[in-house]
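# Overview (structure and organization)
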Amino acid sequence: MTEWVPVLVVFVPFLAGVVQFMAGRRVIAWWPVLASVATVAVSLWLTFAVAAGGGIEHFMGGWQPPLGIALRADGLATVMILLTAVVGGLVSVYALEAHGTGDPRASHFWALWLMLWGSLNALFLSADLFNIYVTLELVTLAAIPLVLLAGPEKTVTAALRYLQFALFGSLLYLAGVALTYGLAGSLDLALVGPALTDGGITGAVAATCMVVGLLVKAAVFPFHVWLPAAHGGAPAAVSAILSALVVKAAVYLLLRLWTGPLAGLADGLVAQLMGALGAAAILYGSIQAFRQERLKLVVAYSTVAQLGYMLLFFPMAVAQAWEGAVYHGLSHGVAKAALFLAAGNVLVYLGHDRVRDLKGLDRSLSVSLLAFGIAGVSIMGLPPSGGFIAKWLLLRASLETGQWWWAVVLISGGLLAAAYIFRVLRYAFLQAPDRPPATTGPIPPPIMALPATLLALLAIALGFTAAPLLALLGGLPEGTG
Amino acid sequence: MNAMGSLILRTAARFLLPLLLLFSIFVLLRGHDEPGGGFIAGLVAAVGFALYLFAFDAARTRRIMAMNPQVMLGLGLLAATLSGVPSIFLDQAFFTAQWWPFEVPGIGEIKLSTPLVFDIGVYMVVLGSVMHIVLALAEAEE
């Protein structure tokens, strides 16, 4: 029975999104609950099946590669699907209130989000280059209208810029795929490696196109310019999904391609360059986050910085760096979703999110601010948290490979993260208000505050559950380094 | 939209629409082993309706389409996805093609299949999304 699970993980949320699209507002009270529960259930089923019996492959239509399309659930894909299920499930709980019966655009949100969920799962499971392109486009085309749900007048510029960058990125990626197909005559990840390695200049150009395309999609410095406005302007649930999952999908693909088909091409200098981009993202993103005046922009620039850590895998390319980079993806995913949901609650309550005017919120918004603080612990990388485990693994990898300069970047990134998180907390907790804050909305109900807290606690819990998750991930794929 | 008020265009559109629809169904059924299929057939049908839209107006085009393009798009996606499901109950991989050929006296063999359902789904998605875009543009202009 388990050979069906990868199909279910893709098509359950996708079909649910289609039904939501057609049924519209009539089913808004119960269909999203059912769809989210079903998606989380099949994702967990897949996780336990892979944990118990190893990777699962499914050939669509019974056609074997190179003719057919394969869905392949290995350790890396499975931990990403697990992350999507956990973050997606808790964000869905938040969205049941934020985009429930009271929201005139609720039906759009749920149709797009469920299709985005299915597309993300398909992206993680795809085992050939072209299928990855299709799922990347699906993810982008579902994500951009979600940004617009904040109200067209607010985010239309940000969404258009997002669209331009995303299309540029996917066209570059597609050019790389076309060149690869010309070289290898196949698109399966497991089959194109040798042809790319022996492809000379064409192979190098194909690899460069794919990697640069994905760097644009992943908003890696200096291609980050579209991210803060889009992630900072979107509704809170959407920001959480975009920052925790959507940009991470592109970084996931970088990791997957680098350790798979591109392993033979990985050059020491290029790897150092990738690491340098990551380091620049960490330092620049953190400093920008410290300088922002709006809470959601602080969190959005923090995403630019945190994505940089995952790129530090490339110059080190040892088993600990692999585990550290992926584990950083997981812990950043849950912590960042918590930060965005908490910031969204501030926005609901105050009607604005100016950092300087957060004074005196520690009574009325205590649960949300607690979530912000706890998630901040993981973002800074303090023990005991998932962020600490990830940074510890990366730190040890940098010392093990003798590349001490990455250790400097890791430590200063942690200090800068502490600076921008504590800056927010200082305004929120330490400064007494001159007058009671002028509020425009109700105190967010527990159904909106608790998902943020749960996600933040999960970010801490990741500090204790590293062993089973890293066992599920498995070691560094062979032939890398 | 009928600024030209061209009698020739209107008359031609009235005749061409049924012809193009018939041709699109021919292309749809001819697909699979020979050139054709749901995508191109959906485009042919959309051309027919778009021509009608240029000759008349958006309201009349919506009336003659009978089905809301948005609903058609959704139903098409649903049909295409569901065409993969029967193979699950036969313990084969998802989307494995199922064929039910039978003889019709006087015509010959007719093959019903899940790829046909998939193609019809694609046809509806293409027709629905193209007409949704074109009608939205036309209505914005009116």
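See the structure above.
Here's a quick rundown of the structure. (Residues numbered from 1 in each chain as written. Chains lettered and ligands numbered in written order. Predicted model: local features only at pLDDT ≥ 70, side-chain atom pairs only at ≥ 80, totals over all residues. Heavy atoms only, no water.)

Another aspect to go through is the overall build of chain A. Across its full length, chain A holds 19 helices and 2 strands. What you see for chain A is a C-alpha radius of gyration of 21 Å, in line with the 23 Å of a compact globule of 481 residues. Counting the 481 residues in chain A, one finds 62% classified as buried. Looking at chain A alone, contacts between residues at least 24 apart form 81% of all its contacts between residues at least 6 apart. Carbon and sulfur atoms form 70% of the exposed surface of chain A, whose accessible area is close to 17000 Å². (Helix = DSSP H or I, 4+ residues; strand = E, 2+ residues; numbered from the N terminus. Rg over C-alpha atoms; globule rule 2.2 N^0.38 Å. Buried < 20%, exposed > 50% of the residue type's maximum accessible area, 1.4 Å probe, protein only. Contact = heavy atoms within 4.5 Å. Areas by Shrake-Rupley, 256 points an atom, 1.4 Å probe, with all protein chains shown as cover.)

Contacts between the two partners involve 15 residues from chain B, matched on the other side by 14 residues from chain A. Between chain B and chain A, the buried area comes to about 1300 Å², and carbon and sulfur atoms account for 83% of it. Area buried by chain B at its contact with chain A is led by Leu78, Thr81 and Phe94 of chain B, which between them contribute 37% of it. Where chain B packs against chain A, one counts 0 salt bridges. Counting across the interface, chain B meets chain A through 1 residue pair in polar contact (both at pLDDT 80 or more). The dominant element in the side of chain B that touches chain A, judged by the number of residues it contributes, is helix α4 (residues 69-82) of chain B, at 8 residues. Here the side of chain B that touches chain A is built from residues that sort into 9 nonpolar, 5 polar and 1 charged. (Buried area = accessible area lost by both parts, 1.4 Å probe. Salt bridge = Lys/Arg side-chain N within 4 Å of Asp/Glu carboxyl O. Polar contact = N/O pair within 3.5 Å; in protein donor to acceptor, adjacent residues only side chain to side chain. Nonpolar A, V, L, I, M, F, W, Y, C, P; charged D, E, K, R; others polar.)

Our next topic: the pairing of strand β1 (residues 99-104) of chain B. All names here are of chain B. Two strands pair when backbone bridges link them, and β1 and strand β2 (residues 108-113) are joined in this way by 6 bridges, in the antiparallel orientation. Bridge pairing in β2 links valine 104 to glycine 108. Linking two consecutive strands that pair antiparallel, namely β1 and β2, is a turn of 3 residues; a positive phi of about 90° is found at glycine 106 within it. (Pairing = 2+ DSSP bridges.)

On to the nonpolar core. Side chains of nonpolar character tend, in soluble globular proteins, to be buried together. Residues and elements named next belong to chain A. Membership of the largest hydrophobic core comes to 181 residues, with the highest contact counts inside it found for Tyr162 and Tyr173. The leading source of residues in this core is helix α10 (residues 236-259), at 19 residues. Excluding residues within four positions of it along the chain, tyrosine 173 makes contact with Leu129, Ile132, Tyr133, Leu136, Cys209, Met210, Gly213, Leu214 and Leu257. (Core = buried A, V, L, I, M, F, W, Y, C linked by side-chain atoms within 4.5 Å.)

Scanning the model with the defined rule gives 10 salt bridges over all chains in all. Between glutamate 137 of chain A and lysine 217 of chain A there is a salt bridge, with its nearest N and O atoms 3.7 Å apart. Placement of glutamate 137 of chain A in helix α5 (residues 129-148) and of lysine 217 of chain A in helix α8 (residues 200-217) is noted, with a sequence separation of 80 residues between them. Pair check on accessibility: glutamate 137 of chain A and lysine 217 of chain A agree, each one buried. Arginine 30 of chain B is the salt-bridge partner of glutamate 34 of chain B, the closest N and O atoms lying 3.6 Å from each other. Judged by relative accessible area, arginine 30 of chain B falls into the partly exposed class, the value being 33%.

What follows covers the packing of aromatic side chains. Summed over the entire model, instances satisfying the criterion amount to 20 aromatic pairs over all chains. Aromatic side chains phenylalanine 23 of chain B and phenylalanine 26 of chain B sit 6.0 Å apart centroid to centroid with 35° between the ring planes, which places their arrangement in the tilted category. With phenylalanine 23 of chain B and phenylalanine 26 of chain B both in helix α1 (residues 7-30) and 3 residues apart, this pair spans about one turn of that helix. A relative accessible area of 44% places phenylalanine 23 of chain B in the partly exposed class. A network of ring pairs unites the aromatic residues Phe11 and Phe14 of chain A together with Phe94, Phe95 and Phe118 of chain B as a single cluster. It is arginine 423 of chain A that lies over the ring of phenylalanine 290 of chain A; its NZ or CZ is 5.6 Å from the centre. Lying across the ring of tryptophan 99 of chain B, lysine 111 of chain B places its NZ or CZ 5.8 Å from the centre. (Phe/Tyr/Trp six-rings, centres within 6.5 Å; stacked < 30°, edge-to-face > 60°. Lys NZ or Arg CZ within 6 Å of the ring centre and 35° of its normal.)

The periodicity of an α-helix, 3.6 residues per turn, causes residues three or four positions apart to be oriented the same way. The terminal C-alpha atoms of helix α4 (residues 106-125) of chain A lie 29 Å apart, and with 20 residues this matches the ideal 28 Å at 1.5 Å per residue to within 8%. A large share of α4 of chain A lies buried, amounting to 19 of its 20 residues. (Expected span 1.5 Å × (residues − 1).)

What follows covers the packing of helix α16 (residues 386-400) of chain A against helix α17 (residues 404-430) of chain A. Residue and element names in this part refer to chain A. Closest axis-to-axis distance for the α16/α17 pair is 7 Å, and the angle between their directions is 155°. On the basis of the axis angle, α16 is roughly antiparallel to α17. As for the relative orientation of α16 and α17, their crossing is left-handed in sense. Across the interface between the two elements, Lys391, Leu394, Leu395, Ser398 and Leu399 from α16 touch Trp404, Trp406, Ala407, Leu410, Ile411 and Gly414 from α17. Here the contact of α16 with α17 is composed, by residue class, of 8 nonpolar, 2 polar and 1 charged. (Axes fitted to C-alpha atoms, helices over the stretch in contact; angles between N-to-C directions. Parallel < 35°, antiparallel > 145°, perpendicular 65-115°, else oblique. Left-handed = near helix turned anticlockwise from the far one by under 90°.)

Residues and elements named next belong to chain A. By volume, the second largest pocket amounts to about 580 Å³. Taken together, 25 residues form the lining of the second largest pocket, with Lys154, Ala234, Pro235, Ala236 and Leu347 sitting closest to its centre. Breaking the lining of the second largest pocket down by element, the ones donating at least two residues are α3 (75-98), α6 (152-184), α9 (227-233) and α14 (319-350). (1 Å grid on protein atoms, 1.4 Å probe; cavity = no way out; pocket = protein on both sides within 12 Å on 5 of 7 lines; lining within 4 Å. Points joined across faces, edges and corners; volume = space filled by probe spheres on them.)

Let us look at unusual backbone geometry. Residue and element names in this part refer to chain A. In this model, phenylalanine 221 is joined to proline 222 through a cis peptide bond whose omega is 0°. Summarising the element assignment, proline 222 is placed in the loop between α8 and α9. Put simply, proline 383 and proline 384 share a cis peptide bond, and its omega is -10°. Inspection of the secondary structure puts proline 384 in the loop between α15 (366-380) and α16. At alanine 317, a residue that is not glycine, the phi angle is positive and equals roughly 50°. If you trace the backbone, alanine 317 turns up in the loop between α13 (313-316) and α14.

Moving on: the packing of α14 of chain A against α15 of chain A. Residue and element names in this part refer to chain A. Two numbers describe how α14 lies on α15: the axes approach to 8 Å, and their chain directions differ by 150°. When the axes of α14 and α15 are compared, the pair comes out roughly antiparallel. The handedness of the crossing between α14 and α15 is left-handed. Mapping the contact onto sequence places Ser331, His332, Ala335, Lys336, Ala338, Leu339, Ala342 and Asn345 in α14 and Ser368, Phe372, Ala375, Gly376, Ser378 and Ile379 in α15. Counted by class, the contact of α14 with α15 contains 7 nonpolar, 6 polar and 1 charged residues.

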